Amino acid sequence: MADHTPTGPVELGAQMDYAEHDRTYKGFLGLAKYCSLFCAAILIAMAFGFFVGGFFSATVLFILIMAVGTLILR
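This report concerns the structure included in the present document. (Residues numbered from 1 in each chain as written. Predicted model: local features only at pLDDT ≥ 70, side-chain atom pairs only at ≥ 80, totals over all residues. Heavy atoms only, no water.)

Description of helix α1 (residues 18–51)
Now for step 1: Look at α1: 49 Å from first C-alpha to last across 34 residues, which is about the 50 Å you get at 1.5 Å a residue.
Now for step 2: Among the residues of α1, those classed as buried are Gly 30, Leu 37, Ala 41, Ala 45 and Gly 49.
Now for step 3: Those residues of α1 hidden inside the fold are in contact with α2 (55–73). (Helix = DSSP H or I, 4+ residues; strand = E, 2+ residues; numbered from the N terminus. Expected span 1.5 Å × (residues − 1). Buried < 20%, exposed > 50% of the residue type's maximum accessible area, 1.4 Å probe, protein only. Contact = heavy atoms within 4.5 Å.)

Some remarks on the packing of aromatic side chains
Now for step 1: Inspection of the entire model under this criterion finds three aromatic pairs.
Now for step 2: Arranged with centres 4.9 Å apart and planes meeting at 80°, the rings of Phe 50 and Phe 51 form a pair that is edge-to-face.
Now for step 3: Phe 50 gets classed as exposed once you look at its relative accessible area, which sits at 67%.
Now for step 4: Between Phe 55 and Phe 56, the ring centres sit 5.4 Å apart and the planes meet at 75°, which makes this aromatic pair edge-to-face. (Phe/Tyr/Trp six-rings, centres within 6.5 Å; stacked < 30°, edge-to-face > 60°.)

Considerations on the pattern of salt bridges
Now for step 1: Evaluated as defined, the whole model comprises one salt bridge.
Now for step 2: One salt bridge connects Arg 23 with Glu 20, and the closest N-O pair in it is separated by 2.3 Å. Here Arg 23 and its partner Glu 20 are both found in helix α1, three residues apart, which amounts to about one turn of the helix.
Now for step 3: Glu 20 sits in the partly exposed class, given a relative accessible area of 34%. (Salt bridge = Lys/Arg side-chain N within 4 Å of Asp/Glu carboxyl O.)

Okay, structure coming up:
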């Protein structure tokens, strides 16, 4: 059978840069949050434009949803 015991020195690696890790995590969460808002707003505006109004009313609704959503998500 194979011997899986370590034979070399144990490497601990570099110290973690926790500030950079937190900044990256917050950036990822912000990107995911606003991309989700964008997807929801575009789907709602497309459905509104198809069933109720036209292109211009759907565009106005999209801008309105994005503005209100951005204020709420801050």
